[in-house]
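# Chain and residue survey
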Amino acid sequence: MRRLHPPTLLRQFLLCALFLSVAGLSAASTSPFDHGYQGLDWGIIKDELPDLGLKPAALNNIYKKGPSSAFFGEGSGKLTMALEGIPLLSIFVNFFDQRLYGADMVFTPGHRQEVHNLLVREMGAPCQQTANGDRWLTPKVSILLTGRELMVVAREFDPDKATAAPADKDAACCPGKG
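We now turn to the structure provided with this report. The model shown is predicted, which means the values in this text are computed figures rather than measured ones.

## Notes on the environment of G73
With respect to the element layout, G73 can be found in strand 3 (residues 67–73). G73 gets classed as buried once you look at its relative accessible area, which sits at 5%. For the pair formed by G73 and V106, sequence separation is 33 residues and the distance between their alpha carbons is 9.8 Å. Those residues within four positions of G73 in sequence are excluded, and the remaining contacts are M81 and L89.

Here it is in structure tokens:
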């Protein structure tokens, strides 16, 4: 059997370390929300929504023009009122010109650390921490965790991107993530 000499072992170790670090970076650039929320694809329009168990009046609150939201609370609608087992008090799915672009999940302040731990486990450390909350970015979504709310916005459909280019907003928040 042939013995490897130290430079070869060092090269193999460095290649493995490089592979693991690249794999870790690619995992940190995705989120469980990259493609949508609870089976609803980002960008879906009101008329293409599956049956969410909402009353017609609630669906009428999704406006043809401008921002609007559909509210889900305990006993209303068919969305799961939990995030990975963490109970949610309410969910707002957000639309602009009838196109789904975001979701706001409200929980009790006592569950904030659990939500934070879940996001860190899924995406790594936040790219920004401020008094307003912790922020994560992927190429597809922007996520803000406050004291009692998790807000997810699909970057492609973000209505605020008209006022400032997402790359500009994100570069200021999370350099290298935009």
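Here the narrative resumes.
## Brief notes about helix 3 (residues 112–123)
Between its first and last C-alpha atoms helix 3 spans 16 Å; for twelve residues at 1.5 Å apiece the expected length is 16 Å, and the two agree. Listed in full, the buried residues belonging to helix 3 are R112, V115, H116, L118, L119 and M123. Seen along its axis, helix 3 keeps its buried residues to an arc of 160°; they face one direction. After helix 3 finishes, the residue G124 shows a positive phi value of roughly 90°.

## Observations regarding the nonpolar core
Counting residues in hydrophobic clusters, the biggest one holds 34 residues, and the most contacted among them are F33, Y37, M105 and L150. Listing elements by their share of this core, those giving two or more residues are strand 3, strand 6 (90–96), strand 7 (99–106), helix 3, strand 10 (141–145) and strand 11 (149–154). Counting residues per element, this core draws most heavily on helix 3, at four residues. Non-local contacts of Y37, meaning those with residues more than four positions away in its chain, are made with W42, L79, L88, I91, V93, A103 and M105.

## Brief notes about the side chain of D158
Among the secondary structure elements, D158 is positioned in the loop between strand 11 and helix 4 (166–173). Within polar-contact distance, the side chain of D158 engages the backbone nitrogen of D160 at 2.9 Å.

## Things to note about the sheet that holds strand 8 (residues 128–130)
Overall, antiparallel pairing links the seven strands, which are arranged 3-6-7-11-10-9-8 in an open sheet. Edge positions in the sheet fall to strand 3 and strand 8, since each of these pairs with one other strand and no more. Shown here is a sheet whose adjacent strand axes are inclined to one another by a mean of 15°, direction ignored. Across four bridges, the pairing between strand 9 (residues 133–137) and strand 10 is antiparallel. Among the inter-strand pairings, D134 is bridged to a residue of strand 10, identified as L145.

So, how was this worked out
Residues numbered from 1 in each chain as written. Predicted model: local features only at pLDDT ≥ 70, side-chain atom pairs only at ≥ 80, totals over all residues. Heavy atoms only, no water. Helix = DSSP H or I, 4+ residues; strand = E, 2+ residues; numbered from the N terminus. Buried < 20%, exposed > 50% of the residue type's maximum accessible area, 1.4 Å probe, protein only. Contact = heavy atoms within 4.5 Å. Expected span 1.5 Å × (residues − 1). Arc of directions from axis to C-beta. Core = buried A, V, L, I, M, F, W, Y, C linked by side-chain atoms within 4.5 Å. Polar contact = N/O pair within 3.5 Å; in protein donor to acceptor, adjacent residues only side chain to side chain. Pairing = 2+ DSSP bridges. Axes fitted to C-alpha atoms, helices over the stretch in contact; angles between N-to-C directions.

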